[in-house]
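If you want the building blocks of each chain, they are given just below.
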Amino acid sequence: MAAKAKPIVPAGRLGVLPLQEAVLFPNTVIPLAVVKKPGIRLVEEAIREGRPIGLTVLKDRDIENPGPDDIERIRNALRVIAVHRRGNHARRIELVTTSHHGCGN
């Protein structure tokens, strides 16, 4: 039996997917392309565990590996409703907003 991969988001925490730019509205389905490995792992873990993820916008869209100081305050928690694999390096996902302007206060 293969060993279970260590979760990338600790229990009780909200995983965050930083975006270069986005406009999100409450209670809508949002299609996104996820191409970076950390984002792909986050999305796959969220769907497997049934956990929401947070979406936020990068302060500087050219940052390659953003940290906490490189993102705006999290204002959206979303539930991943579908993942469509696009080869080994990309995922097209569909998200639905579950809260708006309530995260990160």
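Scroll up to find the structure.
Read on for an overview of the structure. Here the structure is a predicted model, which is why all the values come from computation and not from measurement. By convention here, each chain's residues receive numbers from 1 onward along its written sequence. Local features are withheld for residues below a pLDDT of 70 in this predicted model, meaning they are given only at 70 or higher, and side-chain atom pairs are given and counted only at 80 or more; totals for whole chains, interfaces and linings count all residues. Hydrogen atoms and water are omitted, and side-chain values are computed over all heavy atoms in the structure.

A word on the pattern of salt bridges
- Here, a salt bridge means any Lys or Arg side-chain nitrogen found within 4 Å of an Asp or Glu carboxyl oxygen. Applying the stated criterion across every chain, the model contains 5 salt bridges.
- Note that E44 and R85 form a salt bridge whose closest N and O atoms lie 3.5 Å from each other. Of this pair, E44 sits in helix 1 (residues 37-49) while R85 sits in strand 4 (residues 76-85); the two residues are 41 residues apart in sequence, bridging distant segments of the chain.
- Think of it in three bands: residues with accessible area under 20% of the maximum for their type are buried, residues over 50% are exposed, and the middle band is partly exposed, with areas taken using a 1.4 Å probe on protein chains only. The exposure class of R85 is exposed, given its relative accessible area of 56%.
- Here R91 makes a salt bridge to E44, at a shortest N to O gap of 2.8 Å. One end of the pair, R91, is in strand 5 (residues 91-100); the other, E44, is in helix 1, and 47 residues separate them in sequence. When sorted by exposure, R91 lands in the same class as E44, which is buried.
- Linked through salt bridges whose partners overlap, the residues forming this network are E44, R85 and R91. Strands here are runs of E lasting at least two residues and helices are runs of H or I lasting at least four, both read from the DSSP assignment and numbered beginning at the N terminus.

Read these as spatial facts, not as claims about activity.
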